[in-house]
Amino acid sequence: RGGGGGVAPLRAFESLADIKQRLKSSTIVLLPATAFPKVITAFIAATETGDNKATGWPKFVAGFLVDPGPGARAETDGTDGSEKEHQPVVDDTTKAAPTASAALATLLATRKGNVSAAHWSFSPQPKYPQKDLRSITDIGGPREWNPSGFDAVSRLFANLPIVLLDADGTRVARAFAAENGKGGTERVAEMRFAMTAAADAESNSLSTNTKKSTYNHAKACLSKRACQPIGGYSVVAAVGDTTQNSSSDLILVSARLDASALFHDAAFGADAGMSGLVVMLGVAKAFRGAIKGAQNAGELPIDKKQKPVAFAGFGAEAFGHAGSRRIAGLLYSKTNKVYRGAGAGGNTARTTHEETHPSALPKWLRGRSVSQVLDIGAVGFATRNGFGDEANIFAHVPKGVESSAAYALVDALTHAFATTSRDTGVANGTVVNATFVGSLVLKKASAATPLPPSSLLSFERLDKTLSGVVLTEYDSQFVDPFFGSAFDVGVDQVDPLRLAAVTESVTRYLVSAAFQNANDANAVARHVSRKDIHAVTEELVSCLIDPSIGFGCDVGQKLFTPTEVFPSRYAGVASPAAGARDFDSETDGKTGAGADDTARFVWEFLADVTGDTGEVTCDVKCARSTECAANEVCVRATGEWSSSGSGRPSISVSVPSSFGTSETKAKGRSYGDAFARSQLDANSLRENRRHGPIHHTRLPRRSLLGSELGFGDGDDDSKRNGRCVANAIRFVPAVSAKVTFDPDALLWVVEDDTDADTDTDTDTDTETEHETTSSRDDPIWCESNWPSAIGVRVFQVDSVASQWVSLALGAGITFVSYFVSKELETIARVRFKEE
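Residues numbered from 1 in each chain as written. Predicted model: local features only at pLDDT ≥ 70, side-chain atom pairs only at ≥ 80, totals over all residues. Heavy atoms only, no water.

Draft legend 1. Region of the structure containing the pairing of strand E11 (residues 370-376). The buried fraction of E11 amounts to seven of the seven residues, a majority that puts the element mostly inside the structure. Where strand E9 (residues 250-256) and E11 come together, five bridges link them in parallel fashion. Within E11, the position partnered with Ile-251 by the bridge is Gln-372. Both E11 and strand E16 (residues 467-472) contribute to a ladder of five bridges, which runs parallel. Considered in E16, the bridge of Ile-376 is made with Leu-471. (Buried < 20%, exposed > 50% of the residue type's maximum accessible area, 1.4 Å probe, protein only. Helix = DSSP H or I, 4+ residues; strand = E, 2+ residues; numbered from the N terminus. Pairing = 2+ DSSP bridges.)

Draft legend 2. Representation of the pattern of salt bridges within the structure. Enumeration over the complete set of coordinates arrives at 19 salt bridges. With a closest N to O distance of 3.7 Å, Asp-258 and Arg-256 form a salt bridge. Where salt bridges share partners, they join Glu-179, Glu-186 and Arg-187 into one cluster. (Salt bridge = Lys/Arg side-chain N within 4 Å of Asp/Glu carboxyl O.)

Draft legend 3. Spatial organisation of a nonpolar patch on the surface. Taken together, the side chains of Phe-815, Val-816, Tyr-818, Phe-819, Val-820, Leu-824 and Ile-827 make up a nonpolar region of the molecular surface, amounting to roughly 690 Å² of accessible area. By the element assignment, Phe-815 lies in helix H23 (residues 800-834). (Patch = residues over 30% accessible without salt bridge, like charges linked within 9 Å, V, L, I, M, F, W, Y side chains within 5 Å. Areas by Shrake-Rupley, 256 points an atom, 1.4 Å probe, with all protein chains shown as cover.)

Draft legend 4. The arrangement of the sheet that holds strand E8 (residues 232-239) in detail. The mixed open sheet is built from eight strands, whose spatial order is E15-E12-E16-E11-E9-E10-E8-E21. Since the sheet does not close on itself, it has two edges, and those belong to strand E15 (441-444) and strand E21 (730-734), each with one partner. Recorded for the sheet is a direction-independent mean angle of 25° between the axes of neighbouring strands. In the sheet, E9 pairs with strand E10 (residues 309-314) via six bridges, with the strands oriented parallel. Each bridged residue has a counterpart across the sheet, and for Val-253 the counterpart in E10 is Phe-311. In the packing of helix H8 (residues 270-296) onto the sheet, contacts are made with E8, E9, E10 and E11, and the angle to E9 comes to roughly 145°. (Axes fitted to C-alpha atoms, helices over the stretch in contact; angles between N-to-C directions. Contact = heavy atoms within 4.5 Å.)

Draft legend 5. Examining the side chain of Arg-11 more closely. Checked against the element boundaries, Arg-11 lands in strand E1 (residues 4-12). Put simply, Arg-11 is tucked away with no salt bridge, and the nearest opposite charge, on Asp-18, sits 10 Å away. Within the local environment of Arg-11, its side chain forms a polar contact with the side chain of Thr-27, the two groups lying 2.6 Å apart. If near-sequence neighbours (up to four positions away) are discounted, Arg-11 is found in contact with Ser-25, Ser-26, Thr-27, Ile-28, Val-29, Leu-30, Ala-177, Gly-181, Lys-182, Gly-183, Gly-184 and Thr-185. (Lys, Arg positive; Asp, Glu negative; His and termini not counted. Polar contact = N/O pair within 3.5 Å; in protein donor to acceptor, adjacent residues only side chain to side chain.)

Draft legend 6. Looking closely at the confidence of the model for the chain. Per-residue pLDDT for the chain has a mean of 76; in total, 70% of the residues score no lower than 70. Every residue in residues 206-212 scores below 50 in pLDDT, and together they form four contacts with partners more than four places removed in sequence or on other chains. Counted against residues more than four places away or in other chains, residues 754-774, with its pLDDT under 50, gives 41 contacts. (pLDDT = per-residue confidence, 0-100.)

Draft legend 7. Spatial organisation of the environment of Leu-133. Relative to the elements of secondary structure, Leu-133 occurs in the loop between helix H4 (96-111) and strand E5 (162-164). Counting along the chain gives 328 residues from Leu-133 to Arg-461, while the straight-line C-alpha distance between them is 9.3 Å. Filtering out sequence-adjacent residues up to four positions away, Leu-133 remains in contact with Gly-320, His-321, Arg-325, Leu-457, Arg-461 and Pro-779.

Draft legend 8. Region of interest: the state of the cysteines. Enumeration over the complete set of coordinates arrives at four disulfides. Put simply, Cys-628 and Cys-724 are joined by a disulfide, and their sulfur atoms are 1.9 Å apart. Taking the torsion about the sulfur-sulfur bond, which here is approximately -80°, the covalent link between Cys-628 and Cys-724 counts as left-handed. Separated by 96 residues along the polypeptide, Cys-628 in the loop between helix H18 (597-610) and strand E17 (632-635) and Cys-724 in strand E20 (residues 723-726) bring together distant segments of the chain. In the chain, numbering the disulfide-bonded cysteines from first to last in sequence yields the connectivity 1-2, 3-4, 5-7, 6-8. Looking at Cys-782, it has no disulfide partner, and the nearest cysteine sulfur is the one in Cys-227, 4.1 Å off. (Disulfide = S-S within 2.5 Å.)

Draft legend 9. The nonpolar core, seen in detail. Ranked by size, the top nonpolar core spans 113 residues in total, and within it Leu-281, Phe-311, Leu-510, Leu-544, Phe-601 and Leu-606 carry the most contacts. Sort the elements by how many residues they give to this core and H8 lands first, with 14 residues. Beyond its immediate chain neighbours, meaning those up to four positions away, Leu-510 contacts Ile-251, Val-253, Val-283, Phe-287, Val-309 and Phe-311. Ranked by size, the runner-up nonpolar core spans 40 residues in total, among them Phe-43, Leu-262, Ala-266 and Phe-268. (Core = buried A, V, L, I, M, F, W, Y, C linked by side-chain atoms within 4.5 Å.)

Now the structure itself:
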């Protein structure tokens, strides 16, 4: 985190008081995670002056190395200090997850018997995350959703590198700091993090010739190729009628795909993000499975119509709700559906724009109304750790919704939760699971509580009359003291049984909401298998939350080939394909070029469980969706991978060496090739660490930028192990609608944001899908480019005494050499004269 760097002695400190007492000269501070929140809060307060210059002890801080805590210390006990070699401290990000997970486990165990430790927290997020995008009805006073937050993520650390150490780095840093003791200077650390965009932003913010209110940092750094927009893809699938131009409304069940943390490579979001995603995926499988079970048993006609249910995983939600705002903007755009204005409830004639222009919105979503939105937030926090409410899940509803509609929705969900709690798992006279989930009650959130930070806010801004609910583990404040941090990781953070109970309850609700006929609903409900739900939940927890398994889980191996076994859930930078203005859901939406591992896993999983997998519809196995019919996609095309000895599978990506062919220029679609060409042409991009060489092995997801990787790309017959299934699943760009990638200029372009924050009428016929009320005030988040040589290294320098001795010896040798040379010169002259 942060930019800049330098070389300074490495010393260990235990607390803020320790720093205030001992820090008297430039130092790279090794600090335990337990002390970091208080220290960084004090540092921010000391540097938030008019000239942005630190005073007092902060001026001596050259950088922070954060020790993850007892977990990492347990891993390094017993070392003899012999590893004080010249080696990188931080390099392999794959070790961040196990270290943080082990640290968390130890800290949680410590809390049970230690009163002081029981109040420890680590949440670098704001007390009101993404406050600028809060509910339109939230007009009250200051609110603290995140009471543990110390808001370091929104601060500019242009000249202060902050690094979270992995296990190896912690061991080396501790050894060097121990050798230095309290005042030693021989063991030093060098931190190299040249954050170009942040430095540019700081210089422009401090410039007397620049008005802060008008200067657009994102637009400036993108135009200079100093940064890239943050984003990715959302994934949307459906169970039910996906006929194009259907006027039937639908129910939307959503969760987020990403997480945020101060350290992007360690943003795993076990509870904040992945718990809701586990539930959403489990609901999709259980709901579709119950319908097929009833159909196979002859209890439900095959052609029986139901209200369609869409399942959406929104990408880049931690950065301006990019995924949900993009889809909401497309759904409520006049060019794509009957428009219902922001609370007006009025109708405007639908245009035929989508018939002549490609759209990122899947065809089956065009012209539909969303009748309900069920957004599943953080619901799995492990109550066995002493946090939260072990008996309750809370339902948050928009304040602008008619009370009858809101109460009806919550009442139906409450009934489903009650059914799950008392049901012993009997189906057709057979006990499918004897395990009782316990009492899990759904409660309506306090009347004074507005909608929490969630994807539902994106829809509420465009339709005040929409009936929606956000399910969370909290009422008026977050219960997770590690929200949005590297410590929100591992199975200790969540309770799989709790997640399974929520999954079953939401599934039962969907059955009753999708089938209006009571007999049909009861027939399907009888096939909601608790045993299967528990098994699927456990498997998804291992895939998405357990760092020791990750995408090496059985389901992951069957579905796709990951680039990392357990990647960070940080959204990362958007691929150029996701920024295409003419992104077409029927072609680009099937491949998701440059999608990260989490989005790819969700796409494959939903395609597998929501599609008609009982019938293979192509004569040969497929390797990509383009080999299937228009209404089909290729699933499991890259499954059954075998990992290397390190446990990290790799994908070889080859970028063609010839760029800018006539075909490329004509189609304007080869964004991976085009961006690779820009890397070769632009000096400013050559050192970008995310831009690999022309031929390379992709390991961390941070190198995804510019990749044209899709699903099953290539003509290798060995990859043709997929199958075509009838499914309308699609990728949808999850990046601000205000930025697009220009393949001709090889540049990200920000649309004119004049009057971006002013409400304007949406009655004009010239409105495009990028010009909805939702997109005009879209925030644009960018990440700085980085040079290839960044990181931390530690090494030993000579002591002051040694330097004086060396100086004295050098001076003595020089003095003696001078006189010897003079004597030799004299001897030489005498002999020359004699000759």
